[in-house]
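# Reading the structure
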Amino acid sequence: MSNSKIWLSPPHMGGTEEMYIHEAFGDNWIAPLGPNVDAFEQGLEKYLGNGVHVAVLSSGTAALHLGLLLLGVGRGDEVLCQSFTFSASANPIVYCGATPVFVDSEPDSWNICPDALEAAIKTCIARGKKPKAIIAVHLYGMPYKHDAIKAVSDKYNIPVIEDAAEALGSSYKGQPCGTLGDISVLSFNGNKIITTSGGGALAVKNAKLKQEAVFLATQARDKAPHYEHSRIGYNYRMSNICAGIGRGQLEVLDKRVSKKREINNFYKELFTAIPGVSVFNEYTANVKSNYWLTTIVLDDSNANVYGLINALAAENIEARPLWKPMHTQPVFKEAAYYGGNVSESLFNRGVCLPSGTAMAADEMYRISATIKRYFKEIA
Ligand SMILES: *Cc1c(COP(=O)(O)O)cnc(C)c1O
């Protein structure tokens, strides 16, 4: 049997991507605009529905940065952010000169806890400063509790930036992730459920906001025959080449979601026979996860995360710890934090398992044999 590397979530092309790239070369649209950009945006708008307007950008991180700027976040402001996430959710707060205030997760959704969020808001207001925005994340593709978060957002009139970077293809009460926030963010990085090699998108509620996002993303050039600028701009637009990849990928998104869910079922079956391990699962019938990555949590009794990760690595299989909470990161050691130890406890006991949609049967067999052997040896 081959021992080639099994990656966590490698790119998986659908087949038509190269055709769109060839079209771009044929028409010399080798630029951060062109027919693929327009068609990819229209495709995403159709897929997401709910009247959203989409601007495709150079990355999800750029989309978060522009999202904060659209909400007027600036120097000295405070922004609430889910602590249990990838650093790209939080870094753009600092790009704006604002300060992150981190909030713990809840045990069932793994996402921002509405109670801890409200406690954080109350304290910030009591200190004299109402936070400017809430960044909520659908971690590993699992939808956050939209109704509860929206209730807090409405009560205090603080807008939500929905970080759906990991959650394209997921939904909450039938509504697609990427349409739930006041402003929503997608990522097409190489490891995401669909990729443009690198890229991202903003989904907003009206054409005017999209226009403003595109204006900022293309160096904020005012209307004038020469180059006139009355605001600081950015170079954040997606290239027409990358958008060609995106068009092809969007055609297979539904297939990718089905395969991710099949892989999740494969792991659920595998772990029914292994005590002390729980596979992270949809916490209510109201949510659908794209299961971007299947993740497991080990009981305290066998919580040796690196034991498992190293056993898989010895067989050339990639596995990783969960995201390390932002409030425990050296770079954010001064930041305020609200909540308990839910995210830290998950980090200490959790593992992300290979979830690539191109995974072959023999690769699944290698993974399952290695996992079974590991848990037998430590039993
Ligand atoms: C990947 C990711 C991002 C950033 O997206 P990029 O396209 O890599 O810049 C932001 N938030 C989360 C939760 C992510 O997983």
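Residues numbered from 1 in each chain as written. Predicted model: local features only at pLDDT ≥ 70, side-chain atom pairs only at ≥ 80, totals over all residues. Heavy atoms only, no water.

### Points about the sheet that holds strand β7 (residues 175-176)
Applied cut-off: Whether two strands pair depends on DSSP finding at least two bridges between them. For the purposes of this entry, the term helix denotes a DSSP run of H or I that reaches at least four residues, the term strand denotes a run of E that reaches at least two, and both are numbered from the N terminus.
Ordered by their spatial adjacency, three strands build an open sheet running β7-β6-β11, and the pairing between neighbours is antiparallel. Both edges of this open sheet fall to β7 and β11 (287-288), since each of them pairs with a single strand only. One ladder, built from two bridges, connects strand β6 (residues 171-172) with β11; its direction is antiparallel. Counted as the bridge partner of Tyr172 is Val287 from β11.

### Comments concerning the site of the ligand
Convention followed: Throughout, the term near means that a residue has one or more heavy atoms lying within 4 Å of the molecule or strand in question. Pairs of N or O atoms within 3.5 Å make up the polar contacts considered here, provided that, within protein, one atom can donate a hydrogen while the other can accept it, and that residues adjacent in sequence are counted only when both atoms are side-chain atoms. Only the protein chains shown count as covering a residue, and every accessible area follows the Shrake-Rupley method with a 1.4 Å probe. Three categories are distinguished: nonpolar for Ala, Val, Leu, Ile, Met, Phe, Trp, Tyr, Cys and Pro, charged for Asp, Glu, Lys and Arg, and polar for the others, with Gly belonging to the last.
In the vicinity of the ligand, 16 residues are found, and the nearest of them are Thr61, Asp163, Glu166, Ser187 and Lys192. A distance of 3.3 Å is found between an oxygen atom of the ligand and a side-chain nitrogen or oxygen belonging to Asn189. Lys192 places a polar side-chain atom, nitrogen or oxygen, 3.3 Å from an oxygen atom of the ligand. Relative to its free-state accessible area of 380 Å², the ligand is covered by the protein chains to the extent of 95%. The biggest single contributor to the shell around the ligand is helix α3 (residues 60-70), with three residues. Residues of the shell around the ligand, tallied by class, amount to five nonpolar, eight polar and three charged.

### Side note on the domain arrangement of the protein chain
Note the following rule: Source of the domain bounds: an automatic or database domain assignment. Every residue pair with non-hydrogen atoms within 4.5 Å of one another is taken to be in contact. Summed over both partners, the accessible area (1.4 Å probe) lost when two parts come together is defined as the buried area. Salt-bridge detection follows one rule: a side-chain nitrogen of Lys or Arg within 4 Å of a carboxyl oxygen of Asp or Glu.
Domain boundaries assigned for the protein chain yield domain 1 (17-250) and domain 2 (253-378). When each unit is reduced to the centre of its C-alpha atoms, the spacing between domain 1 and domain 2 is 26 Å. In this complex, domain 1 contributes 47 residues to the contact, which on the side of domain 2 involves 37 residues. Taking both partners together, domain 1 and domain 2 bury about 3,700 Å²; carbon and sulfur atoms supply 67% of that area. The interface formed by domain 1 and domain 2 includes zero salt bridges.

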